[in-house]
Amino acid sequence: MSGEGGRGERTLSIVKPDGVRKGLIGEVIRRFEKEGIRISAMRMIRLTRGEAEGFYAVHRDRPFFGSLTEFISSGPVVVMVLEGDDVIARNRRLMGATDPKKADKGTIRADFAHNVEQNIVHGSDAPETAETEIRYFFSDLDLVR
Ligand code: DAT
Ligand code: MG
């Protein structure tokens, strides 16, 4: 599948431990379905600290890395592959800004996030990172065609 925009674009979504704890798995999925975003793979897992550090390796040198990886490994998460036209940007719009105080009204983070760290959902930010992140959790055999 091409990493370019348009048809068949895909992205990784995660309902983070706070989203699972708050009972928001269904709410997040409902928002995807309402937008016509297709889910082509989905699994519930609990990341080890090491797996969380691998996933967030790009943020290794940030001051919040320790706290972020502790949080993301603090409970089960739901990892999903989303597919559709322009789905990377569409998912980012549904999520809202990283900091819920700056997120647009009606976005997942504005509606439910506690703060900049406990912000309910993850979404890939570009085609290259989407492919890397999908590979971190899923093989081709996991993806519904
Ligand atoms: P996003 O999740 O919107 O792509 P990001 O890639 O910049 O945001 O950061 C990844 C995660 O790291 C983010 O969801 C929560 C955490 N994070 C980012 N900035 C932070 C900060 N200033 N303080 C604490 N955690 C932060
Ligand atoms: Mg990011």
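All of these numbers come straight from a predicted model, not from anything done at the bench.

Moving on, we come to helix 5 (residues 87-95). Of the residues making up helix 5, those classed as buried are Val-87, Ile-88, Arg-90, Asn-91, Leu-94 and Met-95. Axial view of helix 5: buried residues confined to an arc of 165°, hence all on one face. Just past helix 5, the residue Gly-96 takes up positive phi, approximately 90°.

The next subject is unusual backbone geometry. Despite not being glycine, Asp-86 has its phi angle at roughly 55°, a positive value. Structurally, Asp-86 is set in the loop between strand 3 (77-83) and helix 5. Residue Asp-86 is classed as partly exposed on the basis of its relative accessible area of 34%. For Ile-120, which is not glycine, the phi dihedral falls at a positive 75°. By secondary structure assignment, the location of Ile-120 is in the loop between helix 6 (108-112) and strand 4 (121-123).

Per the stated rule, a full pass over the model turns up 9 salt bridges. A salt bridge links Glu-27 to Arg-30, with the shortest nitrogen-to-oxygen separation between them at 3.3 Å. Taken together, the positions of Glu-27 and Arg-30, both in helix 2 (residues 25-34) and 3 residues apart, correspond to about one turn of that helix. A residue is classified by how much of its surface remains accessible, and Glu-27, at 21% relative accessible area, is partly exposed. In this structure, Arg-38 and Glu-83 form a salt bridge, with 3.0 Å as the shortest nitrogen-oxygen distance. On the criterion of sequence distance, the pair formed by Arg-38 in strand 2 (residues 38-45) and Glu-83 in strand 3 is long-range, its members being 45 residues apart.

Reading guide: rules and limits
- Residues numbered from 1 in each chain as written.
- Chains lettered and ligands numbered in written order.
- Predicted model: local features only at pLDDT ≥ 70, side-chain atom pairs only at ≥ 80, totals over all residues.
- Heavy atoms only, no water.
- Buried < 20%, exposed > 50% of the residue type's maximum accessible area, 1.4 Å probe, protein only.
- Helix = DSSP H or I, 4+ residues; strand = E, 2+ residues; numbered from the N terminus.
- Arc of directions from axis to C-beta.
- Salt bridge = Lys/Arg side-chain N within 4 Å of Asp/Glu carboxyl O.

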